[in-house]
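Survey of secondary and tertiary structure
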Amino acid sequence: MQRPLEAAAVLETGAIMLGSNIVADGHAPGFSVRVVTHIHQDHILDLKKSIREASFIAATPLTLDLLEVAGYRVPPSKRLALPYSVSVSVDGDVLTLRQANHVPGAAEIVVELSNGHRIGYTGDFKLPGTDILYELDVLVIDATYGVEEWVRPWQDEIDILLADVVQEGLMHGPVYIYGYYGKIEEIMLLLRRHDVDAPFLVNQRIGRSAAVLERHGYRVGDVVVDGTREALEVKRSGWYIGFRHYSSWRRRRMLPPSNGLRPVHVLLTGWEFREPLRRISPREWIVSFSDHADFRQLVSYVEEARPRMLIVDGYRGGRAAAYFASYVSKRLGIPATVQPSTERWTK
Ligand SMILES: [Zn+2]
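Just so it is clear, the structure is predicted and the values come from calculations on it, not from any experiment.

About the criteria used
Residues numbered from 1 in each chain as written. Predicted model: local features only at pLDDT ≥ 70, side-chain atom pairs only at ≥ 80, totals over all residues. Heavy atoms only, no water. Helix = DSSP H or I, 4+ residues; strand = E, 2+ residues; numbered from the N terminus. Rg over C-alpha atoms; globule rule 2.2 N^0.38 Å. Buried < 20%, exposed > 50% of the residue type's maximum accessible area, 1.4 Å probe, protein only. Contact = heavy atoms within 4.5 Å. Areas by Shrake-Rupley, 256 points an atom, 1.4 Å probe, with all protein chains shown as cover. Pairing = 2+ DSSP bridges. Axes fitted to C-alpha atoms, helices over the stretch in contact; angles between N-to-C directions. Domains from an automatic or database assignment. Buried area = accessible area lost by both parts, 1.4 Å probe. Salt bridge = Lys/Arg side-chain N within 4 Å of Asp/Glu carboxyl O. Polar contact = N/O pair within 3.5 Å; in protein donor to acceptor, adjacent residues only side chain to side chain. Nonpolar A, V, L, I, M, F, W, Y, C, P; charged D, E, K, R; others polar. 1 Å grid on protein atoms, 1.4 Å probe; cavity = no way out; pocket = protein on both sides within 12 Å on 5 of 7 lines; lining within 4 Å. Points joined across faces, edges and corners; volume = space filled by probe spheres on them. Expected span 1.5 Å × (residues − 1). Arc of directions from axis to C-beta. Donors = N, O, S within 2.8 Å, 3.2 Å for Na, K, Ca; no water. Tetrahedral: all angles 85-135°; square planar, octahedral: opposite > 155°, others 65-115°. Phe/Tyr/Trp six-rings, centres within 6.5 Å; stacked < 30°, edge-to-face > 60°. Lys NZ or Arg CZ within 6 Å of the ring centre and 35° of its normal.

1. Quick word on the overall build of the protein chain
Within the protein chain, the regular secondary structure consists of 10 helices and 20 strands. Relative to the globule expectation of 20 Å for 347 residues, the C-alpha radius of gyration of the protein chain, 21 Å, shows essentially globular dimensions. Principal-axis analysis of the C-alpha atoms gives the protein chain an extent of 70 × 45 × 30 Å. Looking at the protein chain residue by residue over its 347 residues, the buried ones come to 58%. Considering only residue pairs separated by 6 or more positions, the protein chain has 59% of its internal contacts joining residues 24 or more positions apart. Counting every atom, the protein chain has about 14,900 Å² of accessible surface; 50% of that belongs to carbon and sulfur.

Below, the structure is given as structure tokens:
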């Protein structure tokens, strides 16, 4: 096989190797730059080790600031803040971050190697709003939902449907939304875009993220941190949106009423493929909302990008990664494999 294969790889540790100088979303010794595509746990693997050993930690300015909220201290001398589409040379390789629609600050990576090869990594993304990376020798892609049945045909309308559920809930009392960090920040911005004005009630960590987003020019609006005097007032009013981590969903019924009003609960999950909204009780909704491309979007990304070779991230993708790689090689005629794996390339 051709040389670019050796340049890009998903390592056993989950690190994405992009040439011999740049590694992303995991640690590997001997690389001068560690890129962080976004703040999700499975993309900041061994970050403390990289902060100690790498010369630079590269990310969008927003992601670098959000990392600090998550407790990672990157010394100023190692901070490589890269706005989208701004290139930097790393020992002869040219590194550029491109816009990914996933969580605020998320980026894709393009590296032009000194030997002329172009390699790229999508990180996590969904469409639209993600730049398609063209003319790549090798593309490393995330395929969390890389199985044919995993489609959400309502993905274009789900923002409005979610905003409607929240607005409707607010007419009767507070609304609590349950999701993962990153997704919560994304939803806060989404609701403001859809003119949902109720104050947000959040924990300290989300409160700090919200402040960072405001500092970076996003409109988060009224945010109050639980436990403060303002929070008491907001709760008394009964008109607010509480954000809670996904794991609190099973404790939702323990929340007391506010101002005599019982809350409406909304769970956000990417694993609901039957319908966009499911009302499981008069006050409980499951909303099919994901930060990741569904199967159709994955296919359309690869069809448009047409890399010469595709590596599907099997560290994060599980069985979907294997399915997607074989689909791409058989149906799209692009050589594709899953890594890390001992499997050979299929054609
Ligand atoms: Zn992610």
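2. Re the sheet that holds strand 9 (residues 107–112)
Pairing in this open sheet of seven strands is mixed, and the strands run 7-8-9-10-11-19-20 from one edge to the other. What marks the edges here is a single partner per strand, and that holds for strand 7 (87–90) and strand 20 (336–339). Direction aside, the axes of adjacent strands within the sheet are offset by 20° on average. Sheet topology note: the strand 10 (residues 118–121)/strand 11 (residues 138–141) ladder contains three bridges and is parallel.

3. A closer look at the domain arrangement of the protein chain
Domains assigned within the protein chain are domain 1 (4–149 + 293–339) and domain 2 (158–288). A separation of 30 Å is found between the C-alpha centroids of domain 1 and domain 2. With 16 residues of domain 1 at the contact, the number on the domain 2 side is 17 residues. Carbon and sulfur atoms supply 64% of the area that domain 1 and domain 2 bury against each other, a total of about 1,300 Å² over both sides. Among the residues domain 1 hides against domain 2, the three largest losses belong to V69, P104 and Y145. Together they make up 40% of the total. Where domain 1 touches domain 2, the interface holds two salt bridges. Across the pair D65 and R215 runs a salt bridge, and its minimum N-O distance is 3.5 Å. The interface formed by domain 1 and domain 2 contains five residue pairs in polar contact (both at pLDDT 80 or more). Here the residues of the side of domain 1 that touches domain 2 sort into nine nonpolar, four polar and three charged.

4. Let's talk about the side chain of Q297
With respect to the helices and strands, the residue Q297 is situated in helix 8 (residues 295–305). Looking at Q297, the relative accessible area reads 9%, which means it is buried. Once residues lying within four places of it in the same chain are set aside, the contact partners of Q297 are K126, L127 and Q155.

5. So, the layout of surface pockets
Quantified by volume, the largest pocket comes out at close to 490 Å³. Forming the boundary of the largest pocket are 23 residues, of which H40, Y180, Y181, D291 and H292 lie nearest the centre. Residue classes in the lining of the largest pocket are distributed as nine nonpolar, nine polar and five charged. Two domains share the lining of the largest pocket, each providing at least three of its residues, namely domain 1 (4–149 + 293–339) and domain 2 (158–288). When its volume is computed, the second largest pocket comes out at roughly 390 Å³. Lining the second largest pocket we find 22 residues, and of these N101, H102, K126, E186 and R193 sit closest to its centre. Looking at the lining of the second largest pocket residue by residue, the classes come out as 11 nonpolar, six polar and five charged. Structurally, the lining of the second largest pocket is a two-domain feature, drawing no fewer than three residues from each of domain 1 (4–149 + 293–339) and domain 2 (158–288).

6. A look at helix 4 (residues 158–170)
Relative to the 18 Å expected for 13 residues at 1.5 Å per residue, helix 4 spans 18 Å between its end C-alpha atoms, a close match to the ideal helical length. When we look at burial in helix 4, the residues that qualify are I158, L162, A163, V165, V166, G169 and L170. Taken down its axis, helix 4 places every buried residue within 155° of arc, on the same side.

7. Re the coordination of the zinc ion
Only H38 (NE2), H40 (ND1), H102 (NE2) and D124 (OD) from the protein reach the zinc ion as donors, at distances of 2.1 to 2.3 Å. One way to put it: the four donor atoms around the zinc ion meet at angles of 90 to 159°, and that makes the site irregular. Ordering the donors of the zinc ion by residue number gives the pattern H-x1-H-x61-H-x21-D. With H38 in the loop between strand 4 (33–35) and helix 2 (47–53) and H102 in the loop between strand 8 (93–99) and strand 9, this pair connects stretches of sequence that are 64 residues apart.

8. A few points about the packing of aromatic side chains
With the rule as written, the count across this model stands at 14 aromatic pairs. Of the aromatic side chains, those joined through ring pairs into one cluster are Y145, W150, W271 and F273. Directly above the aromatic system of Y72 lies the positively charged group of K48, at a separation of 5.3 Å from the ring centroid. Across the ring face of Y181, the terminal group of R205 is positioned such that the distance to the ring centre comes to 4.2 Å.

9. Description of the sheet that holds strand 1 (residues 8–10)
Strand order in this open sheet of six strands is 1-2-3-4-5-6, and the pairing throughout is mixed. One side of each edge strand has no neighbouring strand; the edge strands of this open sheet are strand 1 and strand 6 (79–81). Each strand axis lies, on average, 25° off the axis of its neighbour in the sheet, ignoring direction. Sheet strands in contact with helix 3 (residues 61–69) are strand 5 (56–59) and strand 6, and its direction is about 140° off that of strand 6.

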